[in-house]
Amino acid sequence: MARNRMTALSLALAALLAAGWVGYMVWAAAEGKAKLERKLKAARRHADGGDLTLARVEYAEILEQAPGHAEAAAGLRSVDEVIRVQKMDQAKKESEAAAREKEERERKERQDRSKALVREGMLKARRGEFAGAIRDYSAAIEADPENAEAYHQRGHAHSSTERWKEQSEDLGKALQISPTAELHAEMGRTQEHLSRPEEAIFHYQKAIELEPGYHHAYLYLGKMYESKKELRLAEECYRRIAQVAPNLAEPWRELGNLAMGRQDFSAAITLYETALARQPNHAETHYQRGCALGHQRRWQEA
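Keep in mind that what you see is a predicted model, and the values were worked out from it rather than measured.

### Let's talk about the packing of helix α12 (residues 265–278) against helix α13 (residues 283–295)
At step 1: For the pair α12 and α13, interaxial distance at closest approach is 9 Å and the crossing angle is 155 degrees. The angle between the axes of α12 and α13 places the two elements in the roughly antiparallel class. Handedness of the α12/α13 crossing: left-handed. Contact residues: α12 offers F265, A268, I269, Y272, E273, A275 and L276, while α13 offers T285, H286, Q288, R289, A292, L293 and H295.

Structure below.
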């Protein structure tokens, strides 16, 4: 009887243990599934957030625990493809950056070479070696077609041998690259040599437009107006120089010449004296003042 009770107790205990084990196994399976689900959500979140390296690790861990997990396998393939494409894009960007860097380095070398050739040409031009200077400037332009100064200086060299047409062409190219007041004023002078007064006036006006205080352009423009007998416009130019550069003698001398032309000898004398106050040793101004005094019969002062 006692043995039967012990057997029954043992059986009950075994049954209880078996039930506990089964319960534990059920719980463990559920917990493992929940843990995989949490890891899967984390992998999705990291993949969507761009943290592909961490997402890849999490998908791989899921597949280690559940090799047949279809969503993890698909996620891993997707992440690997994105990483592959990103690496290709990065390699392309690095290649393009290296190409740009090389191109910029070569461009800088060409520019430096071009500038050096311009300097060499200018040294030759100062020695009167204009043919050699032109060769250097041409080589500078070949090295860097955007070097406006090379065109400018080659134009200078052409003007030294009175090749005005060639100078005009070079200055035109320089102006296309770098339109400055100085270049427009020089182009105006060249157009005068080519007997193109309207083109000259246009370029002097452009020089003034770019640099309103550029007195050389006003002076050249005033002389052009004088040559066209537009004396009022010429006088406006000279007076404008007197405003922007009051210490210069040229505008007062030119205004004196205009006064002489209209036989206003008193005004001419005053203007010449104003010019001489700024440039006391200018022989021509002394001569013109003497002429004006002579017209007033002031022989002793003349």
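### Considerations on α12
At step 1: Between its first and last C-alpha, α12 extends 20 Å over 14 residues, near the 20 Å set by a 1.5 Å rise per residue.
At step 2: Those residues of α12 lying buried are F265, A268, I269, L271, Y272, T274, A275 and L276.

### What to know about the nonpolar core
At step 1: Core analysis: the biggest nonpolar cluster contains 33 residues, and L221 and Y238 have the highest contact counts within it.
At step 2: Broken down by secondary-structure element, the contributors of at least two residues to this core are α7 (181–193), α8 (197–210), α9 (215–227), α10 (231–244), α11 (250–261), α12 and α13.
At step 3: Within the second largest apolar cluster, 16 residues are counted, among which are L117, Y151, L171 and M187.

### Describing the pattern of salt bridges
At step 1: This model, assessed by the stated rule, comprises 19 salt bridges.
At step 2: Between E129 and R127 there is a salt bridge whose closest N-O contact spans 3.1 Å.
At step 3: On the accessibility criterion, R127 (52% relative accessible area) is exposed.
At step 4: Among the ionic pairs, K228 bridges to E230, the shortest N-O distance being 3.9 Å.
At step 5: Look at the salt bridges and you will find they share partners, linking E37, R44 and E71 into a network.

### Describing the environment of F130
At step 1: The residue F130 is located in helix α4 (residues 130–143) in this model.
At step 2: Owing to a relative accessible area of 24%, F130 belongs among the partly exposed residues under this scheme.
At step 3: Sequence-wise, F130 and A157 are 27 residues apart; in three dimensions their C-alpha atoms are separated by 5.7 Å.
At step 4: Discounting chain neighbours no more than four positions away, the residues touching F130 are A125, A157, S160 and T161.

Rules used throughout
Residues numbered from 1 in each chain as written. Predicted model: local features only at pLDDT ≥ 70, side-chain atom pairs only at ≥ 80, totals over all residues. Heavy atoms only, no water. Axes fitted to C-alpha atoms, helices over the stretch in contact; angles between N-to-C directions. Helix = DSSP H or I, 4+ residues; strand = E, 2+ residues; numbered from the N terminus. Parallel < 35°, antiparallel > 145°, perpendicular 65-115°, else oblique. Left-handed = near helix turned anticlockwise from the far one by under 90°. Contact = heavy atoms within 4.5 Å. Expected span 1.5 Å × (residues − 1). Buried < 20%, exposed > 50% of the residue type's maximum accessible area, 1.4 Å probe, protein only. Core = buried A, V, L, I, M, F, W, Y, C linked by side-chain atoms within 4.5 Å. Salt bridge = Lys/Arg side-chain N within 4 Å of Asp/Glu carboxyl O.

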